[in-house]
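One-letter residues, chain by chain:
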Amino acid sequence: MLYDRIFAGALLVLSGLIAWTAYHFNVPFQYEPLGPKAFPIILSIVLAICSVRLIVKPDANAWLPRKDVLIKIISGLVLMVVYAFLFEEAGFIVATTIVGAIFSWLFGEKPLKAFFYALALSLVSYFLLADVMELNVPTGLLFGDIF
Amino acid sequence: MDVLHFLSIGFSVALTPINLGLVLAGCFFGTLIGSLPGIGPINGVAILLPLAYSIGLPPESALIMLAGVYYGAEYGGRISSILLNVPGDAGAIMTTLDGYPMAKRGEGGRALALSAVSSFFGSMGALLLMVIFAPLLSRLAIEFGPSEYVWLMIFAFTCLATMVGKRPIKTIVGVVIGLLLATIGIDSGTGILRFTMGIPNLFDGVDFLVVVIGMFAISEVLILLESWARNDLKMTPVGKSFVSLSDMLAVKWVVLRSTLSGFLIGVLPGTGASIASAVAYGTEKRFAEGNNEHFGEGDIRGLAAPEAANNASAAGSMLPMLTLGIPGSGTTAILLGALLMFNITPGPLLFEQQPQIAWGLIASMFIGNIALLIMNLPLIGLFVRLLSIKQSYLVPIIVMLTFVGIYSIHGDSFDLFFMIGLGIFAFILRKLGFSLAPVILGLVLGEVLEENLRRALSISGGNWSILLNGTMTYILAIATVAALVAPKLIKKFKK
């Protein structure tokens, strides 16, 4: 099965959904002839035509990742999701140390060195981002009282 | 002279200590970002945009810094092309063809110096053209009504579809995805919610920053993970760095021609540095035929042409963004989004009503280019040493900056998850051969396109013939058709 066909099929379904949703918009009042429905409907028609064309004439599959590469990509993804979970809860310093260390390790650094690098990175950047640039950086529950 | 008066306003803005500092910082980081393989100007501007927004810089200062990153990265892209044979970004691909052979011969320093000088003259030439044409174009654009804007955008998308990427159909799909993303949120005309799926965070529309960072930076991290296997890059020694007058004289016409073509291609909506450098390289190759031509084996003309062109196109693509509100490249699409975030609508009125922004930016680009030339001649060794920074140190920094940048906008974790989701989607798009610039172009232009379409039809009372009414709409319609068929005709003629 060609990736292009699967993707274009999904787009075709999506364009149908968009057109259907847009057609059923409940517009209580409207002062202009076109309204909020027309533009999305036009776009969904263009999208549908393009998807059909892609289904008829797809490109060959150009992406054939090895299994270990795929595992690496997925672990990177999981790591980012974990980062998003920890970011607010555990706070910037803890989250960045953990996630940064694993990322560094994924890119070939020795575990201990990766950990100390990430620790230094998170401490220095916390100071730079929160104190110097005064950005909204979460301290987290653990250090909430200290800093 | 009007122009000189406005330029003096521009320089008075650009020369304030904070803006001067920002343009220098932007150029420095831009060169650094451009020279690191894989992180091109788009990613650089995208990663720094939320930070510039959150620390509360005034709009002209933020724009000056981000633009500095943009053209700084166009300078920096050549360093890894020449020394590692790995282009720092798409616009620097052609630079590898003659730059790397020179470096292998032990003339890395000569190549770096000559390309820096070519880049400098390319940008400066394009800037002068911009100073001349910006007032003219904005005076022309002031007459534009909604129908003209609709055509202008259709023209932009057509150029994008026929000139960028291998499959026009995939470019159109990308544009439509971007346009559809722009429809999410409260409709400004009637106040109804569209495609929000009941998620309150989407009522205000998708946040431009979240989309840009998700699509570019997050998917880039995934791509870096995939391509990490090839980490055994060999650095060629730089050799002595020098600019010789004879080299410069030998390429003076090459640089001039490439600057002109680069500027024009940059001005065309949607087509940026990668096309400009490819066209310039091809043209010069044909010009040099039979004249001691060694293109591909380290010919200095083959090095000067793409470098002058890609820097000229970076300046050129700013022209339609500032005067018409239509970005000339993917990176300027992000700069346009940045301006909109600061509640500044680029367009013909920008030059009259807020000259400090438009002219401040132009003036800062003159300063930035001089700074870049200085940074890239004596300080080149510093950037070369930074090239060897390990990805295991770099990637945690990129990931951290994207998360901090996005979180600091609203202080809400929802944006982080949404960003990752978009990153996965963008990764799939890239793997299927879609390019991301059309999506961003669609996203920034979506609201403007819909608004103008609806306004035009309000004026005509629902009659679509208003779209072909008046000389300018005819000209733009013909230009659109030309953009549609010209590439095919050129292909046929070549056969």
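In the annotation of an unreviewed UniProt entry, the entry for chain B reads Putative tricarboxylic transport membrane protein, and the organism field reads Marinomonas rhizomae.

As annotated in an unreviewed UniProt entry, chain A carries the name Putative tricarboxylic transport membrane protein and comes from Marinomonas rhizomae.

Q: Explanation requested: the packing of helix α6 (residues 146-163) of chain B against helix α7 (residues 168-183) of chain B in the structure shown.
A: All names here are of chain B. At their nearest, the axes of α6 and α7 sit 7 Å apart, and the two run at 140° to each other. As far as their axial angle goes, α7 and α6 are oblique. Our pair here, α6 against α7, has a crossing hand that is right-handed. In contact with Phe157, Leu160 and Ala161 of α6, α7 contributes Pro168, Thr171, Ile172, Val175 and Leu179. Across the contact of α6 with α7, the residue classes tally to seven nonpolar, one polar and no charged.

Q: What is the right way to read the interface of chain A and chain B from this model?
A: Put simply, an interface is often sized by how much accessible area is lost when its parts join up. Listed as interface residues are 61 residues of chain A and, on the opposing side, 61 residues of chain B. Carbon and sulfur atoms supply 80% of the area buried between chain A and chain B, which totals about 5,700 Å² over both sides. It is A:Phe39, A:Met80 and A:Phe107 that lose the most area in chain A upon contact with chain B, and together they represent 14% of the buried surface on that side. Scanning the region where chain A abuts chain B turns up four salt bridges. Here A:Asp59 and B:Arg167 are joined by a salt bridge, their closest N and O atoms 2.5 Å apart.

Q: Before we go on, may I ask you to explain the packing of aromatic side chains in this structure?
A: Ring pairs (aromatic) are described by centroid distance and by the angle formed between their planes. Counting across every chain of the model gives 23 aromatic pairs over all chains. Relative to B:Phe29, the ring of B:Phe28 lies with its centre 5.7 Å away and its plane at 80°, an arrangement referred to as edge-to-face. Every member of this aromatic cluster is reached through a ring pair, and the members are A:Tyr83, A:Phe87, A:Phe92, A:Tyr126, B:Phe403 and B:Tyr407. The ring of B:Phe434 carries B:Lys170 above its face, with NZ or CZ at 5.2 Å from the centroid. Above the ring of B:Phe287, the side-chain terminus of B:Arg257 is found at 3.8 Å from the ring centroid.

Q: I'm lost on the UniProt feature "transmembrane region" (unreviewed entry) in chain A in this one. Help?
A: Per the UniProt record, "transmembrane region" (unreviewed entry) is found at residues 7-26, 38-56, 68-86, 92-108 and 115-133 of chain A. Taken end to end, residues 38-56 of chain A comprises 100% helix and 0% strand; its first and last C-alpha atoms sit 27 Å apart.

Q: Explanation requested: the UniProt feature "domain: DUF1468" (unreviewed entry) in chain A in the structure shown.
A: Here the UniProt feature "domain: DUF1468" (unreviewed entry) sits at residues 6-138 of chain A. For the annotated span residues 6-138 of chain A, helix accounts for 75% and strand for 0% of the residues, and the straight-line distance between the end C-alpha atoms is 41 Å.

Q: I tried to follow the side chain of B:Ser119 on my own but got confused; where do I start?
A: Residues and elements named next belong to chain B. For Ser119, the location among the structural elements is in helix α5 (residues 93-141). Accessibility expressed as a relative area gives 0% for Ser119, which makes it buried. With residues near it in sequence (within four places) discarded, Ser119 still touches Tyr75, Arg78, Glu307 and Asn311.

Q: Sorry, what's going on with the environment of B:Tyr70 here?
A: Residue and element names in this part refer to chain B. Considering the arrangement of structural elements, one finds Tyr70 in helix α4 (residues 59-84). For the pair Tyr70 and Asn43, spaced 27 residues apart in sequence, the C-alpha separation works out to 9.6 Å. Beyond its immediate chain neighbours, meaning those up to four positions away, Tyr70 contacts Pro41, Val45, Ala314, Ser317, Met318, Ser329, Thr331, Thr332 and Leu335.

Q: Please clarify how unusual backbone geometry should be interpreted in this entry.
A: When glycine is set aside, most residues are seen to have a negative phi, and most peptide bonds are trans. All names here are of chain B. Of note, Met197 is a non-glycine position whose phi angle comes to about 55°, a positive value. With phi around 60°, Asn343 is a residue other than glycine that occupies positive phi space. Relative to the helices and strands, Asn343 resides in the loop between α14 (330-341) and α15 (348-353). Exposure remark for Asn343: the relative accessible area of 70% places this residue in the exposed category.

Q: When you look at the domain arrangement of chain A in this model, what are you seeing that I'm missing?
A: Each assigned domain of chain A is listed with its residue range as follows: domain 1 (3-56) and domain 2 (67-143). If you average the C-alpha positions of domain 1 of chain A and of domain 2 of chain A, the two centres end up 40 Å apart.

Q: For this particular structure, what's the right way to read a positive patch on the surface?
A: Residues A:Arg53, A:Lys57, B:Lys488 and B:Lys491 make up a contiguous surface patch of positive charge. With respect to the helices and strands, the residue A:Lys57 is situated in the loop between α2 (35-56) and α3 (67-89).

Q: It is not clear to me how the packing of α2(A) against α7(B) should be interpreted in this structure. Could you clarify?
A: In a pair of packed helices, the angle between the axes and the distance between the axes together describe the arrangement. Contact geometry of α2(A) with α7(B) gives a least axis separation of 10 Å together with a crossing angle of 150°. On the basis of the axis angle, α2(A) is roughly antiparallel to α7(B). When the axes of α2(A) and α7(B) are compared, the crossing they make is left-handed. Residues A:Phe39, A:Pro40, A:Leu43, A:Val46, A:Leu47, A:Cys50, A:Arg53 and A:Leu54 of α2(A) lie in contact with α7(B), whose contacting residues are B:Ile169, B:Lys170, B:Ile172, B:Val173, B:Val176, B:Leu179, B:Leu180 and B:Thr183. Broken down by class, the residue content of the contact of α2(A) with α7(B) amounts to 13 nonpolar, one polar and two charged.

Cut-offs applied
- Residues numbered from 1 in each chain as written.
- Chains lettered and ligands numbered in written order.
- Predicted model: local features only at pLDDT ≥ 70, side-chain atom pairs only at ≥ 80, totals over all residues.
- Heavy atoms only, no water.
- Axes fitted to C-alpha atoms, helices over the stretch in contact; angles between N-to-C directions.
- Helix = DSSP H or I, 4+ residues; strand = E, 2+ residues; numbered from the N terminus.
- Parallel < 35°, antiparallel > 145°, perpendicular 65-115°, else oblique.
- Left-handed = near helix turned anticlockwise from the far one by under 90°.
- Contact = heavy atoms within 4.5 Å.
- Nonpolar A, V, L, I, M, F, W, Y, C, P; charged D, E, K, R; others polar.
- Buried area = accessible area lost by both parts, 1.4 Å probe.
- Salt bridge = Lys/Arg side-chain N within 4 Å of Asp/Glu carboxyl O.
- Phe/Tyr/Trp six-rings, centres within 6.5 Å; stacked < 30°, edge-to-face > 60°.
- Lys NZ or Arg CZ within 6 Å of the ring centre and 35° of its normal.
- UniProt positions renumbered as here; feature names shortened; annotations may be inferred.
- Buried < 20%, exposed > 50% of the residue type's maximum accessible area, 1.4 Å probe, protein only.
- Domains from an automatic or database assignment.
- Patch = residues over 30% accessible without salt bridge, like charges linked within 9 Å, V, L, I, M, F, W, Y side chains within 5 Å.
- Areas by Shrake-Rupley, 256 points an atom, 1.4 Å probe, with all protein chains shown as cover.
- Lys, Arg positive; Asp, Glu negative; His and termini not counted.
- Charge placed at Lys NZ, Arg CZ, Asp CG, Glu CD.

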